[in-house]
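Letter by letter, the chains look like this.
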Amino acid sequence: MEFQEVVRRRRMVRRYSPEPVDPAAVDRLLRNAVRAPSAGFSQGWGFLVLDRPDDVARFWATTTPPARAARPDAWLRGMRTAPVVIVPCSSKAAYLDRYAEPDKGWADRDEARWPVPYWHVDAGMAALLILQTAVDEGLGACFFGIPAAGVPPLLAAFGIPGDHTPVGAITVGHPAPSARSRGSAATRRRRAAEEVVHRGRW
């Protein structure tokens, strides 16, 4: 698929068909993810891949607030149909360690030197490559946040190291035939480049 078509067709898919996802396609998502840029080539990311029904079910059980799990809304019911969930994580320590190396020279590892948490930024770039690759593979995907209360049980349930922070999660699968644009994108227009691009001065 042409790159411009991938960009044009990328959207968040919130309901999936029962068709399984080819493991080779999942591998391509992840191989492209690690091609993302990272500050200092720190590459402080990690990806938890859940592609077995029991693991996917455990993800939803550990991250969904009990009241919502008892009465799931349309969004949650649709998202739980995804056969694959990928959790991109970032490691702040990897960046602080990298920039304390001789070629960078920030030996004190002071977090205040970072006006922006690039460990999260870079993990987000990797997540976008997963979303774009899913389109190229003929798949659907959706990036979403994990509720704060769900993060500690997620770390414990899947053995995610304490120095890695989940920046969100990505569902992956074949879009359901009835899957159409929902959420904010269905009710809000996309802002044109001319509205947000400022040339020479804001």
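Participant: Would you explain the packing of helix α2 (residues 23–33) against helix α7 (residues 118–136) in this entry?
Facilitator: The relative placement of two packed helices comes down to the angle between their axes together with the axis-to-axis distance. Running from amino to carboxyl end, α2 crosses α7 at an angle of 140°, the nearest separation of the two axes being 8 Å. Relative to α7, α2 is oriented oblique. In the packing of α2 onto α7, the handedness of the crossing is right-handed. Contacts between α2 and α7 involve R28, L29, N32 and A33 from the first element and A126, L129, I130, T133 and A134 from the second. Each residue belonging to the contact of α2 with α7 can be placed in one class, and the counts come to 6 nonpolar, 2 polar and 1 charged.

Participant: Whenever I open this one, the packing of helix α3 (residues 53–63) against helix α8 (residues 151–158) confuses me. Can you help?
Facilitator: Where α3 meets α8, the closest approach of the two axes is 8 Å, and the angle between their N-to-C directions is 150°. Taken together, the axes of α3 and α8 lie roughly antiparallel to each other. The element α3 and its partner α8 pack so that their crossing is right-handed. Mapping the contact onto sequence places D55, R58, F59, T62 and T63 in α3 and P153, L154, A157 and F158 in α8. Among the residues forming the contact of α3 with α8, the class breakdown is 5 nonpolar, 2 polar and 2 charged.

Participant: I tried to follow the nonpolar core on my own but got confused; where do I start?
Facilitator: One broad trend across soluble globular proteins is that nonpolar side chains are buried collectively. Formed by 20 residues in total, the largest nonpolar core has its most connected members in F59, W60, V85 and V87. Looking at this core, the elements that each hand over two or more residues are β1 (45–50), α3, α5 (74–79), β2 (84–90), β3 (140–144) and α8. If sequence neighbours within four positions are ignored, V87 has contacts with G46, F47, L48, F59, I146, L154, P166, G168 and A169. Counting 19 residues, the second-largest nonpolar core is a separate cluster that includes W45, V84, A126 and A134.

Participant: Just checking my understanding: could you explain unusual backbone geometry for this structure?
Facilitator: Residues other than glycine predominantly adopt negative phi, and peptide bonds predominantly adopt the trans conformation. Of note in the backbone geometry, F41 takes a positive phi value of approximately 55° without being a glycine. If you trace the backbone, F41 turns up in the loop between α2 and β1. A relative accessible area of 59% places F41 in the exposed class.

Participant: It is not clear to me how the pattern of salt bridges should be interpreted in this structure. Could you clarify?
Facilitator: Following the criterion strictly, the structure yields 11 salt bridges and no others. The partner of R98 in a salt bridge is E101, with the nearest N and O atoms 3.0 Å apart. By relative accessible area, R98 is classed as buried at 16%. For E101, a relative accessible area of 36% puts it in the partly exposed group. As a salt-bridge pair, R98 and D103 come within 2.7 Å of each other at their nearest N and O atoms. Several salt bridges converge on common partners, so that one network encompasses R52, D55 and R58.

Participant: Which parts of the structure should I look at to understand the environment of D108?
Facilitator: Summarising the element assignment, D108 is placed in the loop between α6 (92–98) and α7. By relative accessible area, which is 47% here, D108 ends up partly exposed. Sequence separation between D108 and W119 is 11 residues; the distance between their C-alpha atoms is 18 Å.

Participant: Is there a simple way to explain the environment of Y99 in this structure?
Facilitator: With respect to the helices, strands and loops of the structure, Y99 is situated in the loop between α6 and α7. The exposure class assigned to Y99 is buried, which follows from its relative accessible area of 13%. For the pair Y99 and S42, spaced 57 residues apart in sequence, the C-alpha to C-alpha distance is 8.5 Å. Look past the residues within four positions of Y99 in its chain and what remains in contact with it is A39, G40, S42, K104, G105, W106 and W114.

Participant: Is there a simple way to think about the state of the cysteines in this case?
Facilitator: A disulfide bridge is the covalent bond that connects two cysteines by way of their sulfur atoms. Under the definition given, this model contains 0 disulfides. With no disulfide partner, C89 has as its closest neighbouring cysteine sulfur the one in C142, 17 Å distant. Take C89: its relative accessible area is 4%, and that puts it in the buried class.

Rules used throughout
Residues numbered from 1 in each chain as written. Predicted model: local features only at pLDDT ≥ 70, side-chain atom pairs only at ≥ 80, totals over all residues. Heavy atoms only, no water. Axes fitted to C-alpha atoms, helices over the stretch in contact; angles between N-to-C directions. Helix = DSSP H or I, 4+ residues; strand = E, 2+ residues; numbered from the N terminus. Parallel < 35°, antiparallel > 145°, perpendicular 65-115°, else oblique. Left-handed = near helix turned anticlockwise from the far one by under 90°. Contact = heavy atoms within 4.5 Å. Nonpolar A, V, L, I, M, F, W, Y, C, P; charged D, E, K, R; others polar. Core = buried A, V, L, I, M, F, W, Y, C linked by side-chain atoms within 4.5 Å. Buried < 20%, exposed > 50% of the residue type's maximum accessible area, 1.4 Å probe, protein only. Salt bridge = Lys/Arg side-chain N within 4 Å of Asp/Glu carboxyl O. Disulfide = S-S within 2.5 Å.

Keep in mind these numbers describe shape, not what the thing actually does.
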